[in-house]
Amino acid sequence: MSPADPELLLRELGGWEGALSRRELPCVLPRLLSMYQNSDDWTEHIRVLRILTEMFLPHINLSELEQTFFSKVLPKAIQLFDDLLYELCSQAKGLTSQNTELCKVVRNVLQTMVQLLETLTGCVRHICTLQEPVPLESIRTLPSSILYVIKNTFMHCKDSESLYSGCLHLISDLLQSLFKETYSLQKQLMELLDMISMESASAEDSIVDMVSVIHTVLEICSVISNMDHALHANTWKFIIKQSLKHHSLLQSHLKHKDILSGLCKDTLFSFHSCLQLAEQMKLSGMQESTDYKLFQKTVKLCRFFANSLVHYIKEFIPFLSDSCCRLYQLYLQIYSKFPPSLYAPEISEAHRDEIASVLLVALDPLIHQLLPFRPFLEQVLSEKLDLSPELHLPQCHLLVTIMDKLPSQPEDVQALWTTGSQFSEEVPRLSLFSALFLGFQQCSGELSLPVRLPGVMGNGQAEVPVTLYHHLCVHLCAFIASTPPSHFPQLERALLDAVLGSSMITSLLAMDSWCFLARYGTAELCAHHVFVIAHLIKSCPGECYQLSVLGVLLRRMLFLMAPDHQVEFTQKFPPKEAENLPLWQHISLKALTPDLRKQVAHQLCAVGLTQCKQWLSGRCTLGELPPVNVALSVLLMVCNSAGDTLEAGLQAAVLGAASQLWALLQVKQVSSQPCLQQTLCLLLPLLEFFIQTLDLQLITQVFAMQASLLELDPPDHVRFAALDLLSSMGKLFMPPQIQGQVIPKLSYLFASLLADKTWLIYQHALEAFTQFAEATRHEDVVPQCLNSEETKNKVVCFLAKTRQGEETEAARAERVKQEKAICSAHLLKMKMDGEWGSALEPLAKRACHSPCEEQYKSAIDAAESALEAVKLLLQKGPAPAWLAVKLEALQTAVAILRNGVR
């Protein structure tokens, strides 16, 4: 029998053999456990625990381990661990280099903690040596206790720098030993848990325990994420492995959202670490260095996380509905750091390719897995997406990727992406088509730069970079070609919405795609779309930008119509009827067959001339002018697209009508009346068409009008119209009798427009002047147009194609980013203030009141006073040369007013 004295007993046990320990186990174990439970001395506690673990644990049956040993030993071990940890944290606050006594105490506590961890590691190691499956209920207390110790020890090591402040060097060796022992304990525990069997009758309790183990290990992951790459990866590997190993038992109990969120967080963190290291190497110019080895390790870690993410999603996708937002953001954030994103860091191409081969390759199958998953779809196509500017291009890229993958998906998956939300109880979402146009519209910075993307290789030609517009247009058209006819209603709706939207570049993309659809589809589909667009144009009230873009689309699509459908178009919208002129003004007759073109041109000219003559023979009021402008627009279209089909008599009639209308224009009226400005802008290109046959007096009047009008600061569109005429003046040789009147005004117009502060007008002026200077025979006029050295220099630079003040690529990208941020903030403010919709709507019309008699009397009195003043001036001196022309114009205006009164 063993001695009664505890110290003597412990000494005696030190000399026992294994067989004696096994034989005396029933008698000695209770006494040792009692000593262990009642011990208050840390050293004795560790001593007894080690004896229990090394001498008696190996002789306890597996089925009795939990009840006989672990449930009695481990709670006390956890209590000792907590006491040691509390003591460390308490003493650390007063630790200094001078206080050697306290330093000794802290080192002793750390040494005791290391011994405790060694003992626990030995305990776990013994279970791993068993040659039989280990049911979880047989060691139920062990995993949770060991994980508690591991987690809190790692947390202590992680916080040691702040906890021990400037005295870390005094105990760094023991902290390192503590970390290594904890690492070893975790490795041993994971080896044990890999042996666990969960096939016993009490599976429910085992499920709860295993789920708790996985969730605790997940917490450990967040603690060690920045401490050790290998440890971090192995810890995650355990989580993934155990989740998949017990998939059927655990899938409904795991915190999938937390696991996936942790994977995404660590994937993104390792990715950003790769980028930072690559940036450092780019700046230092060193490749074969410690940084590069660390970069390779980090890339390897990145690969592990990405592959783990894909594997986990593949197995548990039905349980990830509330994690789709995190996955979606991960995709966007990663792609925002790769070219051609404006927000991609400057790293070497080799390093970028190395990272891309890991992450981007993994993201591709991830999207493939998520395509049939409705919650992911609802996230990507949400109507309420509020992405930051750097995520707009990645969103576009994601939509293109989805679009490329959809044709290989089942019909129901394609329908899910292309239809959008149908019922009020559904999460509001856009169709893929609408989302793509919206995403494209938000990439204003990338479009204006423009960024370049990989092109499509074809016909044996090398792949060349293309603009974002080109890239998206090609992929969208390819998708349209594979879209089943059942999805055409959603496609057509999205195309029409984009065409009528507020973004010009998005409208153009929609028109290009629509024309592809018309060309790729049947002739009947093309004709149907043309007729729908024509009816939309006819139903548009007044002037609006939507009418202009619909007109452009109609003009393009008419070229794609079959000849018999073009004939049908002329029958549905007869050109000989005045009510169809607003439609025909948008069409180019070049689209029609030669015979049909000639027939339609004559009919349109006849109707257009009739409209003009009716107005000229009537009261000539401004209220009746809009139909005349439509007629002029039609006549201009006919001259430009089918002028060669018009006989000399018909051309003379058109020129005659234009001349009569020009004679009625007055500078002050034109400057203040938008409808007259439109008339002027139509007459100028019409006169340009007849530039070689214009009456000399009419040419003089035209230049007098433009010069006077420019002095009154007319709107931009009036200036553009003037420039179009000026550019064609080089073709005309001016007879001597009008040179004195025309050339000074021509020089004045060019000089003024070349000095215009509006960059678009200035650019157009440079082009117009170049065309004039290259073609004119009046070479002496050219230097007269350049009335300053600054203007001369600008013209010389333009002709030499020299850029002034060229930005660097980096500066341009930075400017575009700033502009994009400002635009995004402005649009967000408009949305918040409720101005978004109203900004796109025309202003309400003001109430129209009939003028009173007093207003007429006041106007006539003013006119009489002005004429009286002219009379007094004539009495004082000779009249200027232009006065007679002005008086004749006034007389014509008075005659028109008199006819109106009658």
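The structure under discussion appears in the preceding block.
Computed from a predicted structure; not experimentally measured. (Residues numbered from 1 in each chain as written. Predicted model: local features only at pLDDT ≥ 70, side-chain atom pairs only at ≥ 80, totals over all residues. Heavy atoms only, no water.)

Student: Account for the overall build of the protein chain, with residues named and values stated.
Tutor: Within the protein chain one finds 41 helices and four strands. On C-alpha atoms alone, the protein chain measures out to a radius of gyration of 43 Å, which is more than a quarter above the 29 Å that the 2.2 N^0.38 rule sets for 902 residues. On the principal axes, the C-alpha backbone points of the protein chain span a range of 145 × 65 × 65 Å. Counting across all 902 residues of the protein chain, residues that qualify as buried make up 47%. A fraction of 75% describes how many contacts in the protein chain between residues 6 or more apart in sequence connect residues 24 or more apart. Total accessible area computed for the protein chain in this model is approximately 45,000 Å², and 55% of it derives from carbon and sulfur atoms. The protein chain carries 73 positive and 93 negative side-chain charges, and their two centres are separated by 4 Å. (Helix = DSSP H or I, 4+ residues; strand = E, 2+ residues; numbered from the N terminus. Rg over C-alpha atoms; globule rule 2.2 N^0.38 Å. Buried < 20%, exposed > 50% of the residue type's maximum accessible area, 1.4 Å probe, protein only. Contact = heavy atoms within 4.5 Å. Areas by Shrake-Rupley, 256 points an atom, 1.4 Å probe, with all protein chains shown as cover. Lys, Arg positive; Asp, Glu negative; His and termini not counted. Charge placed at Lys NZ, Arg CZ, Asp CG, Glu CD.)

Student: Explain the pattern of salt bridges residue by residue, including any values.
Tutor: Taken as a whole and judged by the stated rule, the model has 16 salt bridges. Put simply, Glu219 and Lys151 hold a salt bridge, and the shortest N to O gap is 2.6 Å. Note that Glu219 is positioned in helix 9 (residues 203–224) and Lys151 in helix 6 (residues 141–158), a separation of 68 residues in sequence. For Glu219, a relative accessible area of 37% corresponds to the partly exposed category. On the basis of relative accessibility, which here comes to 22%, the residue Lys151 falls in the partly exposed class. Note that Glu819 is salt-bridged to Arg815, the shortest N-O span being 3.0 Å. Here the residue Glu819 and the residue Arg815 both occupy positions in helix 39 (residues 809–832), the gap between them amounting to four residues, near one helical turn. Salt bridges sharing common partners tie together Arg374, Glu378, Glu426 and Arg429. (Salt bridge = Lys/Arg side-chain N within 4 Å of Asp/Glu carboxyl O.)

Student: Please provide a residue-by-residue account of helix 29 (residues 626–642), values included.
Tutor: Here helix 29 spans 24 Å end to end across 17 residues, near enough to the 24 Å set by a 1.5 Å rise per residue. Counting buried positions over the 17 residues of helix 29 gives 14, a clear majority of the element. (Expected span 1.5 Å × (residues − 1).)

Student: With reference to specific residues and values, describe the nonpolar core.
Tutor: Residues Phe70, Leu142, Trp236, Trp417, Phe569, Leu589 and Trp662 are the most contacted members of the largest nonpolar core, which totals 294 residues. With near-sequence residues (within four places) excluded, Trp417 lies in contact with Leu371, Phe376, Leu377, Val380, Leu381, Ile402, Leu406, Ser431 and Leu432. (Core = buried A, V, L, I, M, F, W, Y, C linked by side-chain atoms within 4.5 Å.)

Student: Break down the packing of aromatic side chains for me, citing the residues and quoting the values.
Tutor: The final tally for this structure, using the stated rule, is 19 aromatic pairs. Between Phe440 and Tyr469, the ring centres sit 5.9 Å apart and the planes meet at 65°, which makes this aromatic pair edge-to-face. In this pair, Phe440 sits in helix 19 (residues 432–441) while Tyr469 sits in helix 21 (residues 468–482), placing the two residues 29 residues apart along the sequence. Assigned by exposure class, Phe440 and Tyr469 land together as buried. Note on Phe750 and Phe769: the rings are 5.3 Å apart at their centroids and 80° apart in plane angle, and the pair reads as edge-to-face. In this pair, Phe750 sits in helix 35 (residues 736–754) while Phe769 sits in helix 36 (residues 759–775), placing the two residues 19 residues apart along the sequence. Phe769 carries the same exposure label as Phe750, and that label is buried. One aromatic cluster is present, built from ring pairs that chain together Phe531, Phe569, Phe573 and Trp584. The positively charged end of Lys572 is found above the aromatic ring belonging to Phe531, 5.2 Å away from the centroid. Note that Lys794 overlies the ring of Tyr762, its terminal NZ or CZ placed 5.1 Å from the centroid. (Phe/Tyr/Trp six-rings, centres within 6.5 Å; stacked < 30°, edge-to-face > 60°. Lys NZ or Arg CZ within 6 Å of the ring centre and 35° of its normal.)

Student: An account of a nonpolar patch on the surface is requested, with residue identities and associated values reported.
Tutor: Taken together, the side chains of Leu867, Leu887 and Leu890 make up a nonpolar region of the molecular surface, amounting to roughly 260 Å² of accessible area. Positionally, Leu867 belongs in helix 40 (residues 853–876). (Patch = residues over 30% accessible without salt bridge, like charges linked within 9 Å, V, L, I, M, F, W, Y side chains within 5 Å.)

Student: Help me get a handle on unusual backbone geometry, residues and values and all.
Tutor: In this structure, Pro340 follows Pro339 across a cis peptide bond, with omega equal to 10°. Mapped onto the elements of the fold, Pro340 is located in the loop between helix 14 (324–335) and helix 15 (349–370). Residue Pro450 is reached from Leu449 by a cis peptide bond, and omega for that bond is -15°. Looking at the secondary structure, you find Pro450 in the loop between helix 20 (444–448) and strand 3 (452–453). Residue Cys620 is not a glycine yet carries a positive backbone phi of 55°. For Cys620, the location among the structural elements is in the loop between helix 28 (594–616) and helix 29. Accessibility expressed as a relative area gives 16% for Cys620, which makes it buried.

Student: Could you give an account of the side chain of Ser243, with specific residues and numbers?
Tutor: Mapped onto the elements of the fold, Ser243 is located in helix 10 (residues 229–245). Not counting the four nearest positions on each side in its chain, Ser243 is found in contact with Ile214, Leu254, Tyr312 and Phe316.

Student: Can you explain the packing of helix 21 against helix 23 (residues 504–520)? Please cite residues and give values.
Tutor: Contact pair helix 21 / helix 23: the axes reach a minimum separation of 10 Å and the direction vectors enclose 35°. For the element pair helix 21 and helix 23, the recorded crossing hand is right-handed. Judged by residue contacts, Tyr469, Leu472, Cys473, Leu476, Cys477, Ile480 and Ala481 of helix 21 engage Ile505, Leu508, Leu509, Asp512, Ser513, Phe516, Leu517 and Tyr520 from helix 23. For the contact of helix 21 with helix 23, the per-class residue count stands at 13 nonpolar, one polar and one charged. (Axes fitted to C-alpha atoms, helices over the stretch in contact; angles between N-to-C directions. Left-handed = near helix turned anticlockwise from the far one by under 90°. Nonpolar A, V, L, I, M, F, W, Y, C, P; charged D, E, K, R; others polar.)

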